[in-house]
Amino acid sequence: MTLMQVFFATAIVLLTVAAMEGVAWISHKHLMHGVGWGWHASHHAERRGPFEKNDLYAIVFAGIAIALIWFGTRGAWPLQWIGAGMTLYGLLYFVAHDGLVHRRWPLRWVPRHGYFKRLYQAHRLHHAIEDKDQGVLFGFLWAPSEARLAEEIRRVRAVRRGPADQSARSAQPAQPAQAAHAAQAADIADQPGRL
Ligand SMILES: [Zn+2]
Ligand SMILES: [Zn+2]
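Residues numbered from 1 in each chain as written. Chains lettered and ligands numbered in written order. Predicted model: local features only at pLDDT ≥ 70, side-chain atom pairs only at ≥ 80, totals over all residues.

Let's shift gears to the overall build of the protein. Each helix and strand in the protein was counted, giving eight helices and zero strands. Along the chain direction, N to C, the helices and strands of the protein fall in the order α-α-α-α-α-α-α-α. Counting all 195 residues of the protein, 19% fall into the buried class. Taking all contacts inside the protein whose residues are at least 6 apart in sequence as the whole, residues at least 24 apart take part in 51%. (Helix = DSSP H or I, 4+ residues; strand = E, 2+ residues; numbered from the N terminus. Buried ≥ 20, exposed ≤ 12 C-beta atoms within 10 Å, placed from the backbone. Contact = placed C-beta atoms within 7 Å.)

So, on to unusual backbone geometry. Here the residue pair Trp-77 and Pro-78 is connected by a cis peptide bond, since its omega of 5 degrees sits within 30 degrees of zero. Within the element layout of this structure, Pro-78 appears in the loop between α3 (55-73) and α4 (79-101). For Arg-103, which is not glycine, the phi dihedral falls at a positive 55 degrees. Topologically, Arg-103 is positioned in the loop between α4 and α5 (114-128). Unlike most non-glycine residues, Leu-137 shows phi in positive territory, near 50 degrees. Among the structural elements, Leu-137 can be located in the loop between α5 and α6 (146-161). Residue class for Leu-137 comes out buried when judged on the 25 C-beta atoms lying within 10 Å of it.

Bringing the packing of helix α1 (residues 3-35) against α4 into the picture now. One way to put it is that α1 packs onto α4 with a least axis distance of 8 Å and a crossing angle of 50 degrees. As summarised for this structure, α1 and α4 are arranged oblique, according to the angle between their axes. Handedness of the α1/α4 crossing: right-handed. Residues Ala-9, Ile-12, Val-13, Thr-16, Val-17 and Met-20 of α1 lie in contact with α4, whose contacting residues are Trp-81, Ile-82, Ala-84, Gly-85, Met-86, Leu-88 and Tyr-89. The residue inventory of the contact of α1 with α4, partitioned by class, reads 11 nonpolar, two polar and no charged. (Axes fitted to C-alpha atoms, helices over the stretch in contact; angles between N-to-C directions. Parallel < 35°, antiparallel > 145°, perpendicular 65-115°, else oblique. Left-handed = near helix turned anticlockwise from the far one by under 90°. Nonpolar A, V, L, I, M, F, W, Y, C, P; charged D, E, K, R; others polar.)

What follows concerns the packing of α3 against α4. It is at 7 Å that the axes of α3 and α4 come closest, and there the two elements cross at 155 degrees. As judged from the angle between their axes, α3 and α4 are roughly antiparallel. The hand of the α3/α4 crossing is left-handed. Here α3 contributes Ala-58, Phe-61, Ala-62, Ile-64, Ala-65, Leu-68, Ile-69, Phe-71, Gly-72 and Thr-73 to the contact with α4, which in turn contributes Leu-79, Gln-80, Trp-81, Ile-82, Gly-83, Ala-84, Met-86, Thr-87 and Gly-90. Tallied by class, the residues present in the contact of α3 with α4 amount to 13 nonpolar, six polar and no charged.

Now for α3. In this model α3 runs 27 Å from its N-terminal to its C-terminal C-alpha over 19 residues, within 8% of the 27 Å that 1.5 Å per residue would give. Immediately beyond the C-terminal end of α3, within one or two residues, lies Gly-75, with a positive phi of roughly 115 degrees. (Expected span 1.5 Å × (residues − 1).)

Here it is, written out as structure tokens:
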């Protein structure tokens, strides 16, 4: 490879990683929380055993990356570098989502500052609503700003209080279950590291 080819290959890999976050957000919101909920629901429920049906999505994306690399190395440049970018994104997803947020490998670190804290909080907020249609924050590597997080926490609290409470706030005392939900949502805001 010439230096120029190395430069282009690296640029394509990095651009693909960035673009994949957009692809992941859109497919998480419209596919996984849409017609593909049959697989994704397992990720919004208690996991039994080491795997969940949602892992099939990782296999599908890995299959696409392998196919791109296969075609790319047989002459269809630059598909192999797009496939490599998808593979790198998958690796980062595995570390951040499966590892940092969901503890599927023994990582004890709870980030308290900066990007990793915001990333962690954002995905915990996604899981604070286990409803197919009312989800928030569908990304995996993009960390929203503190202001955006605060806004999403308000939205999550409103959803968890239920529609009656949104229209006629405090008209009647909250049901115990609603109160518990609201308290949990308050935890998200006040003790974000301990979700
Ligand atoms: Zn989801
Ligand atoms: Zn998750």
